[in-house]
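# Secondary and tertiary structure notes
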Amino acid sequence: MASDIINNIKRIKQRIIEAEKQYGREEGSVKLMAVSKFHSVEEIQKAIANGVYLFGENRVQEAIAKFPELIQTFPHIKLHMIGSLQRNKVKVILPIVTCIESIDRIELLEEIDKYATKLQKKIEVLFEVHTGEESKSGFTSFEKLCEAIEYAKNSKFIVPKGFMTMAPFTEDEELIRESFKKLRQTAKDVKKKFPSLKLTEFSMGMSNDFEIAISEGSTIVRIGTSIFGERVYD
Ligand SMILES: *Cc1c(COP(=O)(O)O)cnc(C)c1O
C-alpha cells in the first residue's frame, strides 16, 4: 500500500542514520537503494516522491519495461543493475543504468566497454565477490577478480567504483558478518595491487542484514522488502 511505502522509507532512513551513529560511521555515508524488482511503476513513483533517488533492479526485461519512462520524467533518479547479467543483455540495459553492480566475469566488461564506447557513456561498475556459501554469484578467484579490475582500469568508459556482495541467507548473524568482512578484506588486498583506483563503494546489506552491513562499512544498502513489502512472484 502506498501509505506503507511512505512510512517504510521514513523508518528505514531513520534506522540508517541510527546505525551510522552507533557504529561510528560518518553521517550520510550510507546510501539507500530501493530494490524495486517485482514492484510497479506507481510504487516506484511513491518512493521517488518521498526522496528516494537510487533504485536497483535485477532482471533486464523488467528494468527496461519500467525505467525508461521514469528516467525521462525524473532525470535525477539513478538505476543500478544488481542481478546476474547475460552478455547479450548488456546492450539494452546500458542506456538506462548508471552502474552495474553485478560484475562477476571479465567477459561482461568487454561487452560493456564495447557498447559504452558506442554510446559514449561512462558506466560505473562494482565487482561482485562471492563471500557466502549460499549465494552462487560473484568472483571466487582473486586472480580473476584482479584481471577484471585491470581491464576496467584500462577502459575509457568503465569507471570502477568498488565492490558488491550478498551475504548468505541465514539467521546466523556471525555468518552474515563474516561475509561482509570477507568483502572488506578482499577490497584491501585489491587496493594493494591497484593503489591508484578509488574503490570506495561497498554495496552490502539487504532488508534483513543492513545494520550489520553498516557496522562493517557498507556505503550502499539494497532494500526491497522493508520498503515495498513482500514480493509477489507470479
Ligand atoms: C532482491 C535483492 C535485494 C533486496 O532484498 P530484500 O531482502 O527484499 O531487501 C538486494 N540485493 C539483491 C542483489 C537482490 O536481488
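None of these values were measured; they are calculated from a predicted model.

With that out of the way, let us pick up the overall build of the protein. A count of helical and extended segments in the protein gives nine helices and eight strands. Here the C-alpha atoms of the protein give a radius of gyration of 17 Å, agreeing with the 17 Å that 2.2 N^0.38 yields for 234 residues. Counting only C-alpha atoms, the protein reaches 45 × 40 × 35 Å along its principal axes. With 234 residues in all, the protein has 49% of them scored as buried. Within the protein, contacts between residues separated by at least 24 positions form 60% of all contacts whose residues are at least 6 apart in sequence. When the accessible surface of the protein is split by element, carbon and sulfur atoms take 50% of a total near 11800 Å². Both charge centroids of the protein, one from 36 positive and one from 35 negative side chains, sit 6 Å from each other.

Further remarks concern the packing of aromatic side chains. A complete count under the given rule lists three aromatic pairs for this structure. Summarising the aromatic geometry, the rings of F38 and Y233 are spaced 4.5 Å apart at their centres and angled 75° between planes, so their arrangement reads as edge-to-face. Here the residue F38 occupies a position in the loop between β1 (31-35) and α2 (41-49), and Y233 occupies one in the segment after α9 (225-228), the gap between them amounting to 195 residues. Above the ring of F202, the side-chain terminus of R184 is found at 4.4 Å from the ring centroid.

Our focus in this paragraph is the nonpolar core. Of all hydrophobic cores here, the largest spans 65 residues; its most connected members are F55, I112, F127 and F163. Ignoring anything within four residues of it in the chain, the contact list for F127 reads E101, I103, L109, F139, L145, A148, I149, A152, P160, G162, F163 and M164. If you look at the next biggest cluster of nonpolar residues, it comprises eight residues, including M33, V35, L54 and I220.

Rules and cut-offs
Residues numbered from 1 in each chain as written. Predicted model: local features only at pLDDT ≥ 70, side-chain atom pairs only at ≥ 80, totals over all residues. Heavy atoms only, no water. Helix = DSSP H or I, 4+ residues; strand = E, 2+ residues; numbered from the N terminus. Rg over C-alpha atoms; globule rule 2.2 N^0.38 Å. Buried < 20%, exposed > 50% of the residue type's maximum accessible area, 1.4 Å probe, protein only. Contact = heavy atoms within 4.5 Å. Areas by Shrake-Rupley, 256 points an atom, 1.4 Å probe, with all protein chains shown as cover. Lys, Arg positive; Asp, Glu negative; His and termini not counted. Charge placed at Lys NZ, Arg CZ, Asp CG, Glu CD. Phe/Tyr/Trp six-rings, centres within 6.5 Å; stacked < 30°, edge-to-face > 60°. Lys NZ or Arg CZ within 6 Å of the ring centre and 35° of its normal. Core = buried A, V, L, I, M, F, W, Y, C linked by side-chain atoms within 4.5 Å.

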